[in-house]
2 protein chains.
Amino acid sequence: CPTLSFKDRVVAVAVNKAMEFGFRTLACASTGNLANAVAAHAAAAGLEAYVFIPDDLEEAKILGSAVYGAKLVRIRGNYDQVNRLCTQIAAEHPWGFVNVNLRAFYSEGSKTLAYEVAEQLGWRLPPAIVVPVASGSLITRIGKAFRELTEIGLVEPLSFKLIGAQATGCSPIAMAVKRGNSEIEPQKPSTIARSLAIGNPADGYYAARDILSSGGTAEDVSDPEIIEAMRLLAETEGIFGETAAGVTVAVARKLFRQGKLNPEEETVLCITGNG
Amino acid sequence: CPTLSFKDRVVAVAVNKAMEFGFRTLACASTGNLANAVAAHAAAAGLEAYVFIPDDLEEAKILGSAVYGAKLVRIRGNYDQVNRLCTQIAAEHPWGFVNVNLRAFYSEGSKTLAYEVAEQLGWRLPPAIVVPVASGSLITRIGKAFRELTEIGLVEPLSFKLIGAQATGCSPIAMAVKRGNSEIEPQKPSTIARSLAIGNPADGYYAARDILSSGGTAEDVSDPEIIEAMRLLAETEGIFGETAAGVTVAVARKLFRQGKLNPEEETVLCITGNG
């Protein structure tokens, strides 16, 4: 992972499709990690890059994109507004937006995370997996990848629970799951977990549906719980994850305490970004 | 690499030996990257950690160690003085200093970088490899690893040139190589490449000797050349390396321009730390 988040996986697939389609410019709407991944992969592929971000994003997240020579466009608004603008630009310019007009390929890149989990377990599926949820794309593709690995016979069939992790300040998918349906009510995000702050998630419906049909659940945690969990992860595992990692660890802890996850059962936690 | 530099390789070996020896505390003298690696691996292994650093090190480098719960000890002095102090503490306390009393094992961990280079080339040695040089440990162990891979028959014999890369502001090994001998004259470091700023390198003699006997060379580059090379690496390869990466790329560029490296010949550049 050159830019230290799982977004390198999705962009790796998207950039190859962009070149196949003949795009000379790669672009994205981003809360930070995706911007860095697009900037880095575009540089390596010799493409021009434009990254569109909310204007109040932390400087530290942005340094990465700037250093690769990408054009940074700050938009006054939150992620959902940035994303809407990008959809309009994609309709007017011959640019490859990894999470707009290349989204189908981009999402498939997520599956490599699931492949690696299965590989690291010795070609076996885990009975439960906790996944941080923003657009809902990662968790639905993990489910898809596990089913495909089973179909082609690389792993034994096993029923696996998909567990969604969100911050209380932006939890439209967790809310839907708790209500027991797949209808997403958009939210205005307010949380330190900026990389998960998507109030109107593109794949929200599919994420809630797949979580429920897997027999899994979703939970949300407060900002103080996120910080405490980041510290726990660093001090016990030597892993300095970003806030999204704190969300994942805190949700797992909460569900263990509530008796909704079984401590005797193997549970995989997806840590998708570096501090 | 959990802490984003090649120091994770050396500490991975040292921490296992520390536990085998029964040490409950892991420690090091560091210019930054090693401190983070020791702090993270100690946390994961359940050991206490003390990291000793020069007191003028950048805050950004230190954050990593602090988050893992290690005790940070800032010493008024440069790396060579910090290292001397650690040698004294190691004689008095039952602590495993990865780069003092565990140094023999620690250094062996470097060899995994060479194994990976050979593996990525399809189990083949490169005719030339450019390596950033601080203590001189990495470049000598790369030579050792290449010779061992050849001996056990995993790669075909090939004569390979070891190329040492240093910053002009701290270049005792490059100076020795340019004079054509292995005698190190200690220097007082002054360069932005902090992770390479060792004025009196522990393995300097061996590094100069191995470089010369491989038919390789060493070169040094100025701070402006380092910054320019960091930018070049980011904008063309999508890799945001730290200053040591800039040293490596700038030295390779200088040697190509001087005709001392052949652009037709495959040359591997070791990028050992993340920006």
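Residues numbered from 1 in each chain as written. Chains lettered and ligands numbered in written order. Predicted model: local features only at pLDDT ≥ 70, side-chain atom pairs only at ≥ 80, totals over all residues. Heavy atoms only, no water.

Enquirer: How do you make sense of the packing of helix H10 (residues 223-237) of chain B against helix H11 (residues 243-257) of chain B when you look at a structure like this?
Expert: Residue and element names in this part refer to chain B. For the pair H10 and H11, the least separation of the axes is 7 Å and the interaxial angle reads 95 degrees. Relative to H11, the element H10 is oriented roughly perpendicular. Contacts between H10 and H11 involve Glu225, Ile226, Glu228, Ala229, Met230, Leu232 and Leu233 from the first element and Thr243, Ala245, Gly246, Val247, Val249, Ala250, Arg253 and Lys254 from the second. Tallied by class, the residues present in the contact of H10 with H11 amount to 9 nonpolar, 2 polar and 4 charged. (Axes fitted to C-alpha atoms, helices over the stretch in contact; angles between N-to-C directions. Helix = DSSP H or I, 4+ residues; strand = E, 2+ residues; numbered from the N terminus. Parallel < 35°, antiparallel > 145°, perpendicular 65-115°, else oblique. Contact = heavy atoms within 4.5 Å. Nonpolar A, V, L, I, M, F, W, Y, C, P; charged D, E, K, R; others polar.)

Enquirer: Teacher, can you tell me more about the interface of chain A and chain B here?
Expert: Interface extent is often summarised as the accessible area lost during association of the parts. Facing 17 residues of chain A, the contacting portion of chain B comprises 17 residues. When chain A packs against chain B, close to 1400 Å² is buried across both sides, 63% of that on carbon and sulfur atoms. Sorting the residues of chain A by area buried against chain B places A:Val67, A:Tyr68 and A:Phe240 first, and these three jointly supply 33% of that buried surface. Summed over the shared surface of chain A and chain B, the result is 0 salt bridges. (Buried area = accessible area lost by both parts, 1.4 Å probe. Salt bridge = Lys/Arg side-chain N within 4 Å of Asp/Glu carboxyl O.)

Enquirer: What is the right way to read the sheet that holds strand E5 (residues 128-132) of chain B from this model?
Expert: Within a beta sheet, neighbouring strands are joined by backbone hydrogen bonds and run either parallel or antiparallel to one another. Residue and element names in this part refer to chain B. Pairing is parallel in the open sheet, where 4 strands are placed in the order E7-E6-E5-E8. Only two strands of the sheet have a single neighbouring strand rather than two, namely strand E7 (217-221) and strand E8 (267-269). The mean inter-strand angle of the sheet, taken between neighbouring strand axes irrespective of direction, is 20 degrees. Bridging between E5 and E8 involves 3 bridges; their strand directions are parallel. Bridge pairing in E8 links Ala128 to Thr267. Sitting on the sheet, H11 is in contact with E5, strand E6 (161-167), E7 and E8, with an inclination near 115 degrees to E7. (Pairing = 2+ DSSP bridges.)

Enquirer: I keep staring at the pairing of strand E1 (residues 25-29) of chain A and nothing clicks. Help me out?
Expert: Residue and element names in this part refer to chain A. Of all 5 residues that make up E1, 5 are buried, and the element is covered over most of its length. Sheet topology note: the E1/strand E2 (residues 48-54) ladder contains 5 bridges and is parallel. When the bridges of E2 are listed, Leu26 appears paired with Ala49. Between the parallel pair E1 and E2, the chain is carried across by helix H2 (residues 33-45), and the sense of this crossover is right-handed. In this structure, E1 lies alongside strand E4 (residues 96-97), joined through 2 bridges in parallel fashion. Along E4, the bridge assignment pairs Leu26 with Gly96. (Buried < 20%, exposed > 50% of the residue type's maximum accessible area, 1.4 Å probe, protein only. Right-handed = clockwise from strand over helix to strand, strands pointing away.)

Enquirer: Before we go on, may I ask you to explain the pairing of strand E3 (residues 71-75) of chain A in this structure?
Expert: Each regular strand displays side chains that alternate between the two surfaces of the sheet. Residues and elements named next belong to chain A. Pairing geometry for E2 and E3, over 5 bridges, is parallel. Its bridge partner lying in E3, Phe52 is registered against Val73. Where the polypeptide runs from E2 across helix H3 (residues 59-67) and back to E3, its parallel neighbour, the crossover connection is right-handed.

Enquirer: What should I look at first to understand the packing of helix H10 (residues 223-237) of chain A against helix H2 (residues 33-45) of chain B in this one?
Expert: In a packed pair of helices, the relevant descriptors are the angle between the two axes and the axis-to-axis distance. Direction vectors running N to C along H10(A) and H2(B) enclose 85 degrees, while the axes themselves pass 5 Å from each other. Classified by the angle between their axes, H10(A) and H2(B) sit roughly perpendicular to one another. Residues A:Ala234, A:Glu235, A:Thr236 and A:Glu237 of H10(A) pack against B:Ala40, B:Ala43 and B:Ala44 of H2(B). Residues of the contact of H10(A) with H2(B), tallied by class, amount to 4 nonpolar, 1 polar and 2 charged.

Enquirer: Just to check I follow, could you spell out the domain arrangement of chain A for this structure?
Expert: Residue and element names in this part refer to chain A. When its domains are assigned, chain A resolves into domain 1 (7-106) and domain 2 (110-269). Taken over C-alpha atoms, the centre of domain 1 sits 24 Å from the centre of domain 2. The interface is formed by 14 residues belonging to domain 1 together with 16 residues belonging to domain 2. A per-residue breakdown of the area domain 1 buries against domain 2 is headed by Arg9, Asp80 and Arg103, which together make up 45% of the total. The tally of links from domain 1 across to domain 2 stands at 3 salt bridges. At the surface where domain 1 touches domain 2, the tally comes to 8 residue pairs in polar contact (both at pLDDT 80 or more). Elements with a contribution of two residues or more to the side of domain 1 that touches domain 2: helix H1 (7-20), helix H4 (79-92) and helix H5 (103-109). (Domains from an automatic or database assignment. Polar contact = N/O pair within 3.5 Å; in protein donor to acceptor, adjacent residues only side chain to side chain.)

Enquirer: Help me understand helix H8 (residues 172-179) of chain B in this model?
Expert: In an α-helix, one turn spans 3.6 residues; hence positions three or four apart end up facing the same way. When we look at burial in H8(B), the residues that qualify are B:Pro172, B:Ile173, B:Ala174, B:Ala176 and B:Val177. Looking at the packing, one finds that the buried side of H8(B) touches E6, helix H9 (204-213) and E7 of chain B.

Enquirer: What's the story with the relation of the copies chain A and chain B in this structure? I'm lost.
Expert: Between the two copies of the chain lies a relationship made up of a rotation around an axis and a movement along it. The two copies are related by a screw motion: chain A maps onto chain B through a turn of 180 degrees and a shift of 0.0 Å along the axis, at an RMSD of 0.0 Å. The superposition operator between the copies reduces to a two-fold rotation axis. Using C-alpha coordinates, one finds that chain A approaches the rotation axis most closely at A:Leu4, a distance of 4.4 Å. Both copies present the same face, since 100% of the interface residues in chain A are matched by interface residues at the equivalent positions in chain B. (Least-squares fit on C-alpha atoms with pLDDT ≥ 70 in both.)

Enquirer: Looking at this model, I keep getting lost on the sheet that holds strand E2 (residues 48-54) of chain B. Mind explaining?
Expert: All names here are of chain B. Here 4 strands make up an open sheet; going across it, the order is E3-E2-E1-E4 and the pairing parallel. Each end of this open sheet is capped by a strand with a single partner; those strands are strand E3 (71-75) and strand E4 (96-97). On top of the sheet, helix H3 (residues 59-67) reaches E2 and E3; it is set at about 145 degrees to E3, its chief contact. Packed onto the sheet, helix H4 (residues 79-92) meets strand E1 (25-29), E2, E3 and E4 and runs at close to 145 degrees relative to E2.

Enquirer: Quick question: what am I supposed to make of the environment of B:Gly153 here?
Expert: Along the chain, B:Gly153 falls in the loop between helix H7 (137-151) and E6. For the pair B:Gly153 and B:Glu228, spaced 75 residues apart in sequence, the C-alpha to C-alpha distance is 40 Å.

Enquirer: It is not clear to me how the nonpolar core should be interpreted in this structure. Could you clarify?
Expert: Side chains that are nonpolar tend, in soluble globular proteins, to be buried together. Among the nonpolar cores identified, the biggest contains 93 residues, and A:Leu26, A:Ile129, A:Ile142, B:Phe52 and B:Val247 are the most heavily contacted of them. Leaving out residues up to four positions away in the same chain, B:Val247 has contacts with B:Ala165, B:Gln166, B:Ala167, B:Ala193, B:Leu196, B:Val221 and B:Ile226. Among the nonpolar cores identified, the runner-up in size contains 92 residues, and A:Trp95, B:Ala35, B:Ile62 and B:Ala218 belong to it. (Core = buried A, V, L, I, M, F, W, Y, C linked by side-chain atoms within 4.5 Å.)

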